[in-house]
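# Fold and contact review
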Amino acid sequence: MRKEPNKTGRQVQFLNDNELKTPSYTDKMRIKIDSPIGRRQYSKRFGAIEPIFGNIKVNKGMKKFTFRG
């Protein structure tokens, strides 16, 4: 991504009450992605990884993947 993102991002709300529960893995990942470093790293994924899976799905007709080999 060569251009600076012009959107402000999404709003995320977190409860500060420690007695309710510890943050889940999804919440931890959301915090990582919403950080400035995380946004920069995640934006690189769209240029490197996502087109490969799109090519496999569309051109080769493979809609499902197995976890074997």
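Please refer to the structure higher up on the page.
Thresholds, definitions, all that
Residues numbered from 1 in each chain as written. Predicted model: local features only at pLDDT ≥ 70, side-chain atom pairs only at ≥ 80, totals over all residues. Heavy atoms only, no water. Helix = DSSP H or I, 4+ residues; strand = E, 2+ residues; numbered from the N terminus. Buried < 20%, exposed > 50% of the residue type's maximum accessible area, 1.4 Å probe, protein only. Areas by Shrake-Rupley, 256 points an atom, 1.4 Å probe, with all protein chains shown as cover. Salt bridge = Lys/Arg side-chain N within 4 Å of Asp/Glu carboxyl O. Axes fitted to C-alpha atoms, helices over the stretch in contact; angles between N-to-C directions. Parallel < 35°, antiparallel > 145°, perpendicular 65-115°, else oblique. Contact = heavy atoms within 4.5 Å. Nonpolar A, V, L, I, M, F, W, Y, C, P; charged D, E, K, R; others polar.

Attention now moves to the overall build of the chain. Of the regular secondary structure elements, the chain holds three helices and zero strands. The order of helices and strands in the chain, counted from the N terminus, is α-α-α. Taken across its 69 residues, the chain has 3% of its residues classed as buried. Just so you have it, the chain exposes about 7400 Å², and 55% of that area is on carbon and sulfur atoms.

A separate point is the pattern of salt bridges. Overall, the coordinates contain one salt bridge when judged by the stated rule. Across the pair R30 and D27 runs a salt bridge whose closest N-O atoms are separated by 3.3 Å. Taken together, the residues R30 and D27, both in helix 1 (residues 25–34) and three residues apart, mark about one turn of the helix. For R30, a relative accessible area of 31% puts it in the partly exposed group. You can call D27 buried: its relative accessible area is 17%.

Glancing now at the packing of helix 1 against helix 2 (residues 36–48). Contact pair helix 1 / helix 2: the axes reach a minimum separation of 5 Å and the direction vectors enclose 85°. Put simply, helix 1 runs roughly perpendicular to helix 2. Together, K32, I33 and D34 of helix 1 and P36, G38, R39 and Y42 of helix 2 make up the contact between the two elements. Looking at side-chain class alone, the contact of helix 1 with helix 2 contains three nonpolar, one polar and three charged residues.

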